[in-house]
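Spelled out from the first residue to the last, the chains are:
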Amino acid sequence: YMLYKMKKEEWLPLVDEQGKIVGKAPRSRCHSGSKLLHPVVHLHILNDRHSFFLQKRSMKKDLLPGMWDTAVGGHIGLGEQVGEALKREAFEELGIIDFEARFLGNYIWESERERELVFSFLCIRYDRIHIDNDEVDEGRFWSPREIEAGIGQNLFTPNFIHAVSYTHLTL
């Protein structure tokens, strides 16, 4: 049964802290508290008023359902390049087909359940946002004041709070 389950499951690359691939593991193992470092992409979308577009995570998600999160975020698949993953996730989550993004840098994010190498991007131009999927319930722009007021209210994912507090993004 375990072998069957692992065959059907999504496999993720495992990386070292520099992003070099050192192995692979099933998604469930990466999210089990094993702290196996795996790569993800994040795309931050800001408008001209410096408000952040955030997505509300689906209630069907196993991690942090119903919380507001970075506009786009997802795993880099086995054999997938960072740019490919960014394009795929932007389309899957927000229906964005045509966009330009600037690389902000990467950092390691660690929670009780997982450890991720986050490749962070800022979207500087996009065609449109059209949400129509199982992963995202809704989305909207949040002003810096709304975000500051919401921190500590259990509205936002810890990873998003970390991104705006400690990385290249500032409120």
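Up top is the structure.
Residues numbered from 1 in each chain as written. Predicted model: local features only at pLDDT ≥ 70, side-chain atom pairs only at ≥ 80, totals over all residues. Heavy atoms only, no water.

J.: Can you tell me about the pattern of salt bridges, naming the residues and giving the values?
T.: Taken as a whole and assessed by the stated rule, the structure comprises 15 salt bridges. The salt bridge partner of Glu10 is Arg27, with a shortest N-O separation of 2.6 Å. A residue pair is termed long-range when its members are at least 10 positions apart, and Glu10 in the loop between α1 (2-8) and β1 (11-15) and Arg27 in helix α2 (residues 27-30) qualify at 17 residues. Note that Arg115 and Glu110 form a salt bridge whose closest N and O atoms lie 3.4 Å from each other. Each of Glu17, Lys35, Glu110 and Arg115 takes part in one network of salt bridges that share partners. (Salt bridge = Lys/Arg side-chain N within 4 Å of Asp/Glu carboxyl O. Helix = DSSP H or I, 4+ residues; strand = E, 2+ residues; numbered from the N terminus.)

J.: So what about the packing of aromatic side chains? Which residues, and what values?
T.: This structure, assessed with the given rule, holds seven aromatic pairs. Between Trp68 and Trp142, the aromatic rings sit 5.1 Å apart at their centres with planes inclined by 65°, giving edge-to-face as the arrangement. Taken together, the residues Trp68 in strand β5 (residues 68-70) and Trp142 in strand β9 (residues 136-142) connect sequence positions 74 residues apart. The same class applies to Trp68 and to Trp142, which are both buried. Here the aromatic cluster, defined as three or more aromatic residues joined through ring pairs, consists of Phe52, Trp68, Trp142, Phe156 and Phe160. (Phe/Tyr/Trp six-rings, centres within 6.5 Å; stacked < 30°, edge-to-face > 60°. Buried < 20%, exposed > 50% of the residue type's maximum accessible area, 1.4 Å probe, protein only.)

J.: How would you explain the nonpolar core if you had to name every residue and give the values?
T.: The biggest cluster of nonpolar side chains holds 19 residues, and the ones touching the most others in it are Leu43, Ile45, Leu94 and Phe99. Those elements that place two or more of their residues in this core are β3 (37-46), α3 (82-94) and β8 (115-126). Apart from the residues within four sequence positions on either side, Leu94 is in contact with Ile45, Phe53, Ala71, Val72, Glu89, Arg128, Ile129, His130 and Ile131. Counting residues in hydrophobic clusters, the runner-up holds eleven residues, among them Leu54, Trp68, Leu104 and Leu122. (Core = buried A, V, L, I, M, F, W, Y, C linked by side-chain atoms within 4.5 Å. Contact = heavy atoms within 4.5 Å.)

J.: Before we move on, can you summarise the environment of Asp127 with the specific residues and values?
T.: Here Asp127 lies in the loop between β8 and β9. Expressed as a C-alpha distance, the spacing of Asp127 and Arg102, which sit 25 residues apart in the sequence, is 16 Å. In this structure Asp127 touches Ile96, Ile97 and Asp98, once residues within four positions along its chain are discounted. At 3.4 Å, the side chain of Asp127 forms a polar contact with the backbone nitrogen of Ile97. (Polar contact = N/O pair within 3.5 Å; in protein donor to acceptor, adjacent residues only side chain to side chain.)

J.: An account of the pairing of β3 is requested, with residue identities and associated values reported.
T.: Most of β3 is tucked away: ten of the ten residues are buried. Of the two faces of β3, the one carrying Leu37, Pro39, Val41, Leu43 and Ile45 and the one carrying His38, Val40, His42, His44 and Leu46 are both buried. Bridge count for β3 against β8 is nine bridges, and the pairing is parallel. Counted as the bridge partner of His42 is Ser120 from β8. The pairing of β3 with strand β6 (residues 72-75) spans four bridges and is antiparallel. Counted as the bridge partner of Val41 is Gly74 from β6. Two strands pair when backbone bridges link them, and β3 and strand β4 (residues 52-57) are joined in this way by two bridges, in the antiparallel orientation. Looking at β4, one finds that Leu46 is bridged to Phe52. (Pairing = 2+ DSSP bridges.)

Function cannot be inferred from these measures alone, as they are strictly geometric.
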